[in-house]
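# Overview (structure and organization)
Chain by chain, the residues run as shown.
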Amino acid sequence: MTGQAPVLFSRRFTWTLLGALVLPLLVRLFTTVEPFPAMLLPSGANLVRVVGGTVTTGALVVAAVDARGNERRLEPAALIDPIPTQYLSAIFRDGFGFERKDSQRIGVGTHHLNRSTLQLEVPRHVPSDADRQELIRWLRARVNVRGSTGTRLVARRDRLKIVVATGKTRVVQKGPEIVVELP
Amino acid sequence: MSSSPDTIFERFWARVARNSATTSAALGVFRWLYCLNLLLLDASSYSWLDDAPRALYAPPVLSLAYLFPSFPPAPFFKVLDTVGVLALCFTMVGYRTRIATVALLAVEIVGTNFKYCFGKIDHNGVEFALLLCMAVADWGRCHSADARFRPGAAAGANPLAAARGMSLLAVLLAFGMVTAGIEKAYVWIDFDLRTSGFLAWYYGVRITQGRALLLSDWVQHAPLPLLELGDYLAPLFECSGFVALLTSARAFRIWLATSALFHLSNVLFLNIPFNSQTFAYMAFVDYDTLLEKLRASRLGRGRWQLAVASVLVGLAGIWHIAARWTGNSSGTLLATDAATWYTVRIVAAVPIAVLAATALVLSSLRAGAAAATGTVQAP
């Protein structure tokens, strides 16, 4: 090195880098989808309302129902093991593998709270009947463990009220159910 | 540096390089530490995807996996894990380090593309960025098998490569944190005590995922104004990385140390670990003092350490590979099932964050002293 410091990165590289970083961020900010891989860290910019020291939030419930209609809550981690527990909500949103729609919507909007200015339909991966049968066998093996049985798997998102100071929780509204028959 | 750069870009990169500078020798130490973290806690673990139900395949629209109709047939992911573990072992001992690092990065990109096909993206961009930038920085130049057995092309300090890799990593880290903070700043800073962003995260993890470890129970005793203050400080801090990076080497390391403490609070109260991301910040630790002490010690003068370390790394690698082919795998050496792996990661996140924060604060003091005496390194 003789006097002049070496140039680390060229102008073209810098512009390319800027585009590779900013474009995925813009996609995440103004649409309902997110590119991957991209240099995007978790945002999680959601809010809950706190009224009178009480929070209202959603909670995913998975349960096995036997022939007599008795409901038995299932431990989410055990139900989908070895799939990580944090994927359960996404699996539920996608119909637990039993959704038959062949398209999905991408919302495009002007800012975070309004991503519905434009709706784009794109193809969705639809599982085959054989894949669904495999999923039923997979779920049945997890529901019918340690002598317990269930003829149906039920998943729903309930609305809960939680007292922040005590943690006391009560269900205020049961959500619509996804029912999987486990013959 | 006798002449000043004459364009905005050159001035930007010159300043970033000055404030993120480290040496090839220090990167050699960091390589061992970071790979040790991966080997113990976060090794490639995708083999379980071979047994995942195909009906759950719901890839993100803008991902490589969207181009595929389903998960690849078994034993694709066991083979992928095997390649990943081997690449990790070679990277750690520093054998063909650049190639091994790129192979590890490729495995992680392919594996995570399919892992996120359950409909959720986990955002481990920092781990990708770290491997990419360390390949650019050529972190196998020192304290490696390459340095010992392949003298010449692959050995010895390479200040320009180190400066490029570290500058790129610094920019990616600062930008990554902006992406985490910008949307939160827009939504969370609402001057309304009847809403809480922190509690949205808290109950999301606690209720749906059933985690309530460490200090999680303490949150219910926190006054709402304190949580609201957290809603404002978190995104503002996340958006401040470039200010610190462009200010000074000391400021940037203090910002990284604060990031480590931020992750510590996340794991303590929210039970969300960011282990490998926190470890990535330790690339900016000044390891020269540690190296000097090592050289002065008996440990640093022996010729057997590399051989012993390589054997231990090899044994750990064999354990990982055997576990994946027998269906008992997780990312850590310390557990073979997903639930225990989470607990291990959450508990391990505490000492990792404390170690990173402490090492970065000490490094910031050295960086400040170096700046005061005019001994800041230039590429």
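Everything that follows concerns the structure shown earlier in this document.
Figured I'd write up the structure that's included with this text. (Residues numbered from 1 in each chain as written. Chains lettered and ligands numbered in written order. Predicted model: local features only at pLDDT ≥ 70, side-chain atom pairs only at ≥ 80, totals over all residues. Heavy atoms only, no water.)

### Observations regarding the overall build of chain B
Each helix and strand counted, chain B has 16 helices and 1 strand in total. Relative to a compact globule of 379 residues, whose C-alpha radius of gyration would be 21 Å, chain B shows 22 Å and is just as compact. Counting only C-alpha atoms, chain B reaches 55 × 55 × 40 Å along its principal axes. The buried share of chain B, reckoned over its 379 residues, is 58%. Pairs at least 24 apart in sequence give 78% of the contacts found in chain B among residues at least 6 apart. Separation of charge centres in chain B, based on 28 positive and 22 negative side chains, amounts to 11 Å. (Helix = DSSP H or I, 4+ residues; strand = E, 2+ residues; numbered from the N terminus. Rg over C-alpha atoms; globule rule 2.2 N^0.38 Å. Buried < 20%, exposed > 50% of the residue type's maximum accessible area, 1.4 Å probe, protein only. Contact = heavy atoms within 4.5 Å. Lys, Arg positive; Asp, Glu negative; His and termini not counted. Charge placed at Lys NZ, Arg CZ, Asp CG, Glu CD.)

### Re the overall build of chain A
Summing up its helical and strand segments, chain A has 4 helices and 8 strands in all. Along chain A, helices and strands appear, N-terminal first, in the series α-β-β-β-α-α-β-β-α-β-β-β. Computed over the C-alpha atoms, the radius of gyration of chain A is 23 Å, more than 25% above the 16 Å expected from 2.2 N^0.38 for a compact globule of 183 residues. Here the C-alpha coordinates of chain A stretch approximately 85 × 50 × 40 Å along the principal axes. Across the 183 residues in chain A, those meeting the buried criterion constitute 44%. Contacts in chain A between residues far apart in sequence, at least 24 positions, make up 57% of those at least 6 positions apart. A total accessible area of about 9900 Å² is found for chain A, and carbon and sulfur atoms account for 55% of it. Averaging the coordinates of the 26 positive side-chain charges in chain A and doing the same for the 15 negative ones gives two points 8 Å apart. (Areas by Shrake-Rupley, 256 points an atom, 1.4 Å probe, with all protein chains shown as cover.)

### Topic: the environment of B:L261
Residues and elements named next belong to chain B. With respect to the secondary-structure elements, L261 resides in helix α11 (residues 249-270). Judged by its relative accessible area of 45%, L261 is partly exposed. In this structure the C-alpha to C-alpha distance between L261 and L355, which are 94 residues apart in sequence, comes to 10.0 Å.

### Things to note about the interface of chain A and chain B
Between chain A and chain B, the contact holds 79 residues from the first and 80 residues from the second. For the pair chain A and chain B, the summed buried area comes to about 7200 Å², and 68% of that belongs to carbon and sulfur atoms. Looking at the side of chain A facing chain B, the largest losses of area belong to A:L8, A:F36 and A:H125, adding up to 12% of the total buried there. Inspection of the region where chain A meets chain B yields 0 salt bridges. When contributions to the side of chain A that touches chain B are tallied by element, the ones reaching two or more residues are α1 (11-30), β1 (48-51), β2 (54-65), α3 (88-93), β4 (103-108), β5 (118-123), α4 (129-143) and β6 (152-163) of chain A. Among the elements that line the side of chain A that touches chain B, the one with the most residues is α1(A), at 11 residues. Partitioning the side of chain A that touches chain B into residue classes produces 48 nonpolar, 18 polar and 13 charged. Pairing of β1(A) with strand β1 (residues 195-196) of chain B involves 2 bridges; the strand directions are antiparallel. In the strand pairing of β1(B), A:R49 is matched with B:T195. (Buried area = accessible area lost by both parts, 1.4 Å probe. Salt bridge = Lys/Arg side-chain N within 4 Å of Asp/Glu carboxyl O. Nonpolar A, V, L, I, M, F, W, Y, C, P; charged D, E, K, R; others polar. Pairing = 2+ DSSP bridges.)

### Considerations on the side chain of B:E183
With respect to the secondary-structure elements, B:E183 resides in helix α7 (residues 159-188). At 3.4 Å, the side chain of B:E183 and the side chain of A:S43 are in polar contact. (Polar contact = N/O pair within 3.5 Å; in protein donor to acceptor, adjacent residues only side chain to side chain.)

### A few points about the nonpolar core
A:F96, B:F118, B:M134 and B:F284 are the most contacted members of the largest nonpolar core, which has 124 residues in total. No other element matches the 12 residues that α7(B) contributes to this core. Each of domain 1 (10-45) and domain 2 (50-101 + 128-181) of chain A contributes no fewer than three residues to this core. In contact with B:F118, other than residues within four places in its own chain, are A:I83, A:Y87, A:A90, A:I91, B:W48, B:L49, B:A52, B:L56, B:A58 and B:F71. (Core = buried A, V, L, I, M, F, W, Y, C linked by side-chain atoms within 4.5 Å. Domains from an automatic or database assignment.)

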